[in-house]
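Secondary and tertiary structure notes
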Amino acid sequence: MGYTVRMKPTKEKTEPKKIAFSGIQPSGIIHIGNYLGSIKQWLEVQGHYDAIFSVVNLHAITIPKKPAELKAHTLNAAKTFLASGVDPEKSTIFVQSDVPEHAQLYWALGTITKLSELYLMTQFKDKSQGQGKEGALAGLLNYPVLMAADILLYNTTTVPVGEDQRQHVELARELARRFNEMFGKTFIVPQALIHKTGSRIMGLDNPNKKMSKSAANKNNYIALTDTPDDIAGKIKKAVTDSEGSIHYDIDRKPGVSNLLTILSLVTDTSIKDLEKSYKGQTTYAGLKTDLTHTLSDFILAFQKKYEGISDAEAKHYLRMGAEKAHAIANQKLEEVYERMGLLL
Ligand code: AQP
């Protein structure tokens, strides 16, 4: 005699769709900090998330730019995405100004953002110093509102960024919650994805300030366009300390800790293992030589891929991406307009 085991019908669990959005400003030549803090994480989410990556040129003009340079940096940024391993068949890449919904949602969100929230932003405080108290531009103040629009347009769940963007993602979360409360559930409240190591690569010339594309001193950053000679020169001049012991201590040894962090991420070796391998060394020459060779190999391999990508190919993928992004963004904007009473 056989038994019939009746199984309770199991409800199929459908995981919510994971959507990642991130961007880079075409405000200069992309550096190793942008790569390690942001693009490297994009490659980790690619394939597991619906990933959308944008060259955020509307953000870049919050600090005045020469038009021809902005155009060149925009295309170069897109080629950098591709050369780094962003696959345009798996992920969407596009230029922000090609999708007008970013500026439109920015306006709508600006109407529920408090000025006090914007004045609190560290990036505004830092960057407006260069514009002077009276001359600080509204675009720079509103930068985080535009960034919230970028993120919220795509039902983004996850925002892979460097540490400097944490405060801006926090505002995007707050605006999503506020809008949902005021007008009904419209936006997903996104999470920042910020790695513990590498989310804040420091300037080589000043390890107490983050590496930055627009730094006045070229020795601040390793650009992805640097030659092995540039790299050797910059690493040689990188600020360390006079202690002569190679270990990680962010407070007492910010320069050496920064070099160890970069080497750890580029070689996929833990900082602990690196410390062990340099135990007993009393100068920084060995660490600097290893970092120079590792970075040169990494950047030369990147440049080889970059040179294989034509402008026409990059433009093709950007057009394709803009169409895909526009379709999603347009639907979300309509929903927002409907909820706010902007559609009849
Ligand atoms: N030093 C850094 N370490 C780690 N991650 C970093 N990012 C920027 N600097 C570092 C991350 O790179 C992504 C793109 O940055 P962005 O283009 O939006 O502008 P940013 O954050 O203001 O970077 P820069 O290089 O300093 O540009 P400028 O000089 O134009 O302001 C972001 O995810 C950022 O967190």
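Higher on the page you've got the structure.
Now for a quick tour of the structure. (Residues numbered from 1 in each chain as written. Predicted model: local features only at pLDDT ≥ 70, side-chain atom pairs only at ≥ 80, totals over all residues. Heavy atoms only, no water.)

Residues in a regular strand point their side chains to alternate faces of the sheet. Burial along strand β3 (residues 92–95) is two-sided: T92 and F94 and I93 and V95, pointing in opposite directions, are all buried. Across four bridges, the pairing between strand β2 (residues 50–55) and β3 is parallel. In the sheet register, I52 faces β3, and the bridge partner there is T92. (Buried < 20%, exposed > 50% of the residue type's maximum accessible area, 1.4 Å probe, protein only. Helix = DSSP H or I, 4+ residues; strand = E, 2+ residues; numbered from the N terminus. Pairing = 2+ DSSP bridges.)

So, about the site of the ligand. Around the ligand, a shell composed of 24 residues is seen, among which S27, K127, D164, K213 and S214 lie nearest. Note that a nitrogen atom of the ligand is positioned 3.0 Å from one of the backbone N or O atoms of M211. K213 has a polar side-chain atom sitting 2.5 Å from an oxygen atom of the ligand. Alone, the ligand offers 640 Å² of accessible surface; in the complex the protein occludes 98% of this. Put simply, the parts of the chain that give the shell around the ligand at least two residues each are β1 (19–24) and α1 (32–45). Among the elements that make up the shell around the ligand, the one with the highest residue count is α1 (four residues). Its residues placed into classes, the shell around the ligand shows five nonpolar, 14 polar and five charged. (Near = heavy atom within 4 Å. Polar contact = N/O pair within 3.5 Å; in protein donor to acceptor, adjacent residues only side chain to side chain. Areas by Shrake-Rupley, 256 points an atom, 1.4 Å probe, with all protein chains shown as cover. Nonpolar A, V, L, I, M, F, W, Y, C, P; charged D, E, K, R; others polar.)

Further remarks concern the pattern of salt bridges. As enumerated under the stated definition, the model contains 15 salt bridges in all. A salt bridge links K79 to D311, with the nearest nitrogen and oxygen atoms 2.6 Å apart. Here D311 lies in helix α13 (residues 311–340) and K79 lies in helix α3 (residues 67–84), a separation of 232 residues in the sequence. Among the ionic pairs, E117 bridges to R178, the shortest N-O distance being 2.5 Å. Here E117, found in helix α5 (residues 115–119), pairs with R178, found in helix α8 (residues 166–183); they are 61 residues apart in sequence, far enough to count as distant. For E117, a relative accessible area of 14% gives the class buried. (Salt bridge = Lys/Arg side-chain N within 4 Å of Asp/Glu carboxyl O.)

Another aspect to go through is helix α4 (residues 101–110). Burial in α4 covers these residues: E101, H102, L105, A108 and L109. Taken down its axis, α4 places every buried residue within 125° of arc, on the same side. (Arc of directions from axis to C-beta.)

Turning to its location among the elements, Q281 is positioned in the loop between α11 (271–277) and α12 (285–307). Taking C-alpha positions, Q281 is 46 Å from L140, a pair spaced 141 residues apart along the chain. Once you skip the residues sitting within four places of it in the chain, Q281 turns out to touch G244, S245, I246 and G286. (Contact = heavy atoms within 4.5 Å.)

Here the focus is α12. Here α12 contains 23 residues, and its C-alpha end-to-end distance of 32 Å stays within 8% of the 33 Å for a straight helix at 1.5 Å per residue. Every buried residue belonging to α12 is among L287, K288, L291, T292, T294, L295, S296, I299, F302, Q303 and Y306, and all of these are buried. The inward-facing, buried residues of α12 abut α1, α3, α9 (228–237) and α10 (254–267). (Expected span 1.5 Å × (residues − 1).)

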